[in-house]
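Examining the three-dimensional arrangement
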Amino acid sequence: SRRAKGEEAAASGAGASTPAAADAPAAALTIPGAFICPITQELMEDPVCAVDGTTYERQAIAQWFNDHDTSPLTGAQLDSDMLIPIHALRGQIQDFRQEHGLALGGRAAG
């Protein structure tokens, strides 16, 4: 589990020092690990699955594939740069954001 300090860190799961939010609940927000991109270490917005079987933020893995034909986690050669949207996970992340008042990009909604 990840502990975040402030809304931006809460969205990213980074836990780095950021300006603290006025509301304490966001400061103690635990983000499920499955919602965090292994490349960016941030809360995903558009999760996709690559052929290595790992879920990534679409923009992050697409950028990785611009310069690599390997898995960013294992370094194994990948046969394809095909990305499959994970709609169920995207819905869960959207629900999580709404439930915790997080807009896209990790800012407080409202």
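Description of the structure in this document.

Conventions we followed
Residues numbered from 1 in each chain as written. Predicted model: local features only at pLDDT ≥ 70, side-chain atom pairs only at ≥ 80, totals over all residues. Heavy atoms only, no water. Salt bridge = Lys/Arg side-chain N within 4 Å of Asp/Glu carboxyl O. Helix = DSSP H or I, 4+ residues; strand = E, 2+ residues; numbered from the N terminus. Buried < 20%, exposed > 50% of the residue type's maximum accessible area, 1.4 Å probe, protein only. Pairing = 2+ DSSP bridges. Contact = heavy atoms within 4.5 Å. Axes fitted to C-alpha atoms, helices over the stretch in contact; angles between N-to-C directions.

So, the pattern of salt bridges
A full pass over the atoms with the stated rule returns three salt bridges. Of the charged contacts, one joins R58 and D46 as a salt bridge, the two residues approaching to 2.8 Å between their closest N and O atoms. Remark: D46 occurs in the loop between strand 2 (30–31) and strand 3 (47–49) and R58 occurs in helix 3 (residues 58–67); sequence separation between them is twelve residues. Exposure remark for R58: the relative accessible area of 29% places this residue in the partly exposed category. The partner of D46 in a salt bridge is R90, with the nearest N and O atoms 3.5 Å apart. With D46 in the loop between strand 2 and strand 3 and R90 in helix 4 (residues 87–99), this pair connects stretches of sequence that are 44 residues apart. Each member of the salt-bridge network shares a partner with another, and the members are D46, R58 and R90.

Focus on the sheet that holds strand 4 (residues 55–57)
Consider a sheet: its strands pair through backbone hydrogen bonds, and that pairing is either parallel or antiparallel. With respect to topology, three strands assemble into an open sheet ordered 4-3-5, the strand pairing being antiparallel. The open sheet has two edge strands, strand 4 and strand 5 (84–85), and neither has a second partner. Across two bridges, strand 3 lies against strand 5 in antiparallel orientation. Of the residues in strand 5, the one forming a bridge with C49 is I84. Relative to strand 4, helix 3 is tilted by about 95 degrees, and along the sheet it contacts strand 3, strand 4 and strand 5.

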